[in-house]
There are 2 protein chains.
Amino acid sequence: MEFSSKLIEQAVHHFSRLPGVGKKSALRYVLYLIKQQTDEVNDFSDVLRALKQDLKFCKTCHTISDHDICDVCANPLRNHQQVCVVQDYRDVMAIENTGLYKGVYHVLGGLISPMDGIGPANLTIESLVEKVSEGPVQEIILALNATMEGETTCFYIYKKLAGFEVAVSSIARGIAVGDELEYTDEVTLGRSIQNRVPYTNSLVK
Amino acid sequence: MEFSSKLIEQAVHHFSRLPGVGKKSALRYVLYLIKQQTDEVNDFSDVLRALKQDLKFCKTCHTISDHDICDVCANPLRNHQQVCVVQDYRDVMAIENTGLYKGVYHVLGGLISPMDGIGPANLTIESLVEKVSEGPVQEIILALNATMEGETTCFYIYKKLAGFEVAVSSIARGIAVGDELEYTDEVTLGRSIQNRVPYTNSLVK
């Protein structure tokens, strides 16, 4: 794609680096922004700059927060003995939206993925081990993606925590609510048979 | 969607206003940017600001340009007697990419669309009429979308130019190259029969 304007080219370059955005969509966004009010676009520009400058991460659980300690970690009503390990901020939001979890979180910031050059040292696993060794943590719930990277990371954390007196559990894998048995893949169906639960448990909403 | 951080909420708000971007994609973009280098994100922020501050539009054809007169209008080798009327900058790029057009352009900046509150006064139609009345323009080629808005705008421009000695043509509507007759809609097929061309013409690549 050739552009008659350097500025447009630069703007398209930046937008097209976003995940899942191609050059055509990027140009569409740029042309949309050109038509907007100057104030609106300047606000957008300021917010982007602030993202790197002003954004804070919770010192306890490493999630994105406006304060040094996030609202969940600062809440005395949450169960601080139960730590749910997740990949990123979106997963915290997803679990919070269920309204069923009353413990606290630990955000890894990614998953172990040698293909992408992400090793254990790039994640907050050390900080999790420290938390377990120091604190009153009784249960670690691994809530990571059911992918190769997720499983690898689960296993690594499990091994790291082997010497401590802490229960390590993983969220259930199985047939999604509303799904039909017939169309479920073999691995998922196999797992959900192996990890069957007493009937009364499965009625808990 | 509830966010634990005001800053994230603002950033998601801005991204989700872009055409075709929902809140989930917006959050994905924001989380991606947080992981990028500060310089990279600051550059992005600067480019956005520059979009409204420094972007110029060609004084002759109203397309986006880095100069007062765009490269096409400033090129003496282009045919300045032939003016192709298009909706926006993307259409200029699309036609330039064909490599088959040697005339100049006139960018309307939109299409007449009462539903969206866009009337003839919001477009550069007056400037087109001026160009025709003053200049050496011999042919106006209407290259607008084959939609209701495009057809309305074509008709409006055609009426406006009725008093001048200028040929007004419209780009051919018909079956796209590579398409099958069977799956073409009736209106398009009907038009392509009405506007059939001598066989030799249709071989021009």
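Residues numbered from 1 in each chain as written. Chains lettered and ligands numbered in written order. Predicted model: local features only at pLDDT ≥ 70, side-chain atom pairs only at ≥ 80, totals over all residues. Heavy atoms only, no water.

Let's talk about the pairing of strand β4 (residues 103–107) of chain A
Residue and element names in this part refer to chain A.
Here's step 1: Along β4, five of the five residues are buried, which leaves the element largely enclosed by surrounding structure.
Here's step 2: Pairing of strand β3 (residues 79–86) with β4 involves five bridges; the strand directions are parallel. If you follow cysteine 84 over to β4, its bridge partner there is tyrosine 105.
Here's step 3: Following the backbone out of β3, through helix α5 (residues 89–98) and into the adjacent parallel β4, one traces a crossover that is right-handed. (Buried < 20%, exposed > 50% of the residue type's maximum accessible area, 1.4 Å probe, protein only. Helix = DSSP H or I, 4+ residues; strand = E, 2+ residues; numbered from the N terminus. Pairing = 2+ DSSP bridges. Right-handed = clockwise from strand over helix to strand, strands pointing away.)

Quick look at the domain arrangement of chain A
Here's step 1: Split into domains, chain A comes out as domain 1 (6–53) and domain 2 (58–202).
Here's step 2: A C-alpha centroid distance of 34 Å is found between domain 1 of chain A and domain 2 of chain A. (Domains from an automatic or database assignment.)

Observations regarding the nonpolar core
Here's step 1: Core analysis: the biggest nonpolar cluster contains 50 residues, and A:Ile8, A:Phe15, B:Ile8, B:Phe15 and B:Leu51 have the highest contact counts within it.
Here's step 2: Elements with a minimum of two residues in this core: α1 (6–16), α2 (23–35), α3 (38–53) and α5 of chain A together with α1 (6–16), α2 (23–34), α3 (38–53) and α5 (89–98) of chain B.
Here's step 3: In this structure, A:Phe15 is in contact with A:Val21, A:Ala26, A:Tyr29, A:Val30, A:Leu33, A:Phe44, B:Phe15, B:Leu18, B:Phe44 and B:Leu48, ignoring residues within four places of it in sequence. (Core = buried A, V, L, I, M, F, W, Y, C linked by side-chain atoms within 4.5 Å. Contact = heavy atoms within 4.5 Å.)

Structural notes on the relation of the copies chain B and chain A
Here's step 1: For the pair chain B and chain A, the superposition axis carries a translation of 0.0 Å, the fit reaches an RMSD of 0.1 Å, and the rotation angle comes to 180°. Such a combination of turn and shift is consistent with a two-fold rotation axis. Among all C-alpha atoms of chain B, that of B:Ser45 lies closest to the rotation axis, at 2.2 Å.
Here's step 2: Comparing interface residues between copies, 100% of those in chain B also sit at the interface in chain A, which points to an isologous, same-surface contact. (Least-squares fit on C-alpha atoms with pLDDT ≥ 70 in both.)

Observations concerning the packing of α1(A) against α2(A)
Residue and element names in this part refer to chain A.
Here's step 1: Between α1 and α2, the least distance of the axes is 8 Å, while the angle of their chain directions is 120°. Relative to α2, the element α1 lies oblique. In this structure, the crossing between α1 and α2 has a hand that is right-handed. For the pair α1 and α2, contact is made by Ile8, Ala11, Val12, Phe15 and Ser16 and by Lys23, Ala26, Leu27, Tyr29, Val30, Leu33 and Ile34, respectively.
Here's step 2: Here the residues of the contact of α1 with α2 are counted per class, giving 10 nonpolar, one polar and one charged. (Axes fitted to C-alpha atoms, helices over the stretch in contact; angles between N-to-C directions. Parallel < 35°, antiparallel > 145°, perpendicular 65-115°, else oblique. Left-handed = near helix turned anticlockwise from the far one by under 90°. Nonpolar A, V, L, I, M, F, W, Y, C, P; charged D, E, K, R; others polar.)

Considering the interface of chain B and chain A
Here's step 1: Taken together, the contacts link 54 residues of chain B with 54 residues of chain A.
Here's step 2: Surface buried jointly by chain B and chain A totals about 5,400 Å² across both partners, of which 65% is contributed by carbon and sulfur atoms.
Here's step 3: The largest share of the area that chain B buries against chain A comes from B:Leu7, B:His14 and B:Lys52, three residues that together contribute 12% of it.
Here's step 4: With a shortest N-O distance of 2.3 Å, B:Arg49 and A:Asp46 are connected by a salt bridge.
Here's step 5: At the surface where chain B touches chain A, the tally comes to 17 residue pairs in polar contact (both at pLDDT 80 or more).
Here's step 6: Looking at the side of chain B that touches chain A, the elements that each hand over two or more residues are α1, α2, α3, β2 (64–65) and α5 of chain B.
Here's step 7: Among the elements that make up the side of chain B that touches chain A, the one with the highest residue count is α3(B) (14 residues). (Buried area = accessible area lost by both parts, 1.4 Å probe. Salt bridge = Lys/Arg side-chain N within 4 Å of Asp/Glu carboxyl O. Polar contact = N/O pair within 3.5 Å; in protein donor to acceptor, adjacent residues only side chain to side chain.)

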